[in-house]
Amino acid sequence: QKEVEQNSGPLSVPEGAIASLNCTYSDRVSQSFFWYRQYSGKSPELIMSIYSNGDKEDGRFTAQLNKASQYVSLLIRDSQPSDSATYLCAVNILNAGNNRKLIWGLGTSLAVNP
Amino acid sequence: DVKVTQSSRYLVKRTGEKVFLECVQDMDHENMFWYRQDPGLGLRLIYFSYDVKMKEKGDIPEGYSVSREKKERFSLILESASTNQTSMYLCASSLSYTQYFGPGTRLTVL
């Protein structure tokens, strides 16, 4: 079982709809969760981080965390064609020592159709 | 704003050449990372460093080495480039867990 799993997609939604992206993780003691957006040929850019159970909203984006069920999701409201990208989920792992590694999902490809 | 820069956006090298990829961050971050990204394989960690002169192997260190002589600079070295090292190389830096990426270097080894 992979440590961080995402549905590869492509997820296709019409413009203006809500896009729902999901991520599950295997390490029960993970504490930090991140969503990154990556356009084709570009590097990942941070959208949101979430650390506590519940919802965190930032503009059209809402991250949802459920530690008991070990999943984190990203909702994009009023989806725009410019949201078409690959969305990467990343989760921290607690290693011995002082490093700050993240474990990455393979990403979900989102296509927003005009 | 955090700024992470990489020495080249595109690079073409020949098999057997020694290749240096450089990464510089301007936010005094302790942690720096080198990844490669290939279609279908996602981001794979090559090496990381959490302090000057400190380095730790990631998931795929074979064929690579790194150098961190100054806090702001982290270099990835391909000792003898091979065609299977053709990839997008991404550098990132972080203070805690949040990582910030440079623009990437697309390396082609012929």
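The following paragraphs examine the structure supplied in this document. (Residues numbered from 1 in each chain as written. Chains lettered and ligands numbered in written order. Predicted model: local features only at pLDDT ≥ 70, side-chain atom pairs only at ≥ 80, totals over all residues. Heavy atoms only, no water.)

1. What about the sheet that holds strand S8 (residues 73-78) of chain B?
Residue and element names in this part refer to chain B. Taken together, four strands build an open sheet; the order of strands is S1-S3-S8-S7 and the sheet is antiparallel. Strand pairing shows two members of the sheet lacking a second neighbour, strand S1 (4-6) and strand S7 (64-70), which therefore form its edges. Averaged over all pairs of adjacent strands, the angle between strand axes in this sheet comes to 20°, irrespective of strand direction. As paired strands, strand S3 (residues 19-25) and S8 are joined by six bridges and run antiparallel to one another. For phenylalanine 20, the partnering residue across the bridge sits in S8 and is isoleucine 77. (Pairing = 2+ DSSP bridges. Helix = DSSP H or I, 4+ residues; strand = E, 2+ residues; numbered from the N terminus. Axes fitted to C-alpha atoms, helices over the stretch in contact; angles between N-to-C directions.)

2. Regarding the state of the cysteines
One pass over the full model with this rule turns up two disulfides over all chains. The disulfide partner of Cys23(A) is Cys89(A), and the gap between their sulfur atoms is 2.0 Å. Its S-S torsion of approximately -70° makes the covalent link between Cys23(A) and Cys89(A) left-handed. Of the two residues, Cys23(A) is situated in strand S3 (residues 19-25) and Cys89(A) in strand S9 (residues 85-92); the sequence distance between them amounts to 66 residues. Of the two residues, Cys23(A) and Cys89(A), both sit in the buried class. Two residues, Cys23(B) and Cys91(B), share a disulfide whose sulfurs are 1.8 Å apart. With the S-S bond torsion at -75°, the cross-link from Cys23(B) to Cys91(B) turns out left-handed. A residue pair is termed long-range when its members are at least 10 positions apart, and Cys23(B) in strand S3 and Cys91(B) in strand S9 (residues 87-94) qualify at 68 residues. For Cys23(B), a relative accessible area of 0% translates into the label buried. Using a relative accessible area of 0% as the deciding quantity, one classes Cys91(B) as buried. (Disulfide = S-S within 2.5 Å. Buried < 20%, exposed > 50% of the residue type's maximum accessible area, 1.4 Å probe, protein only.)

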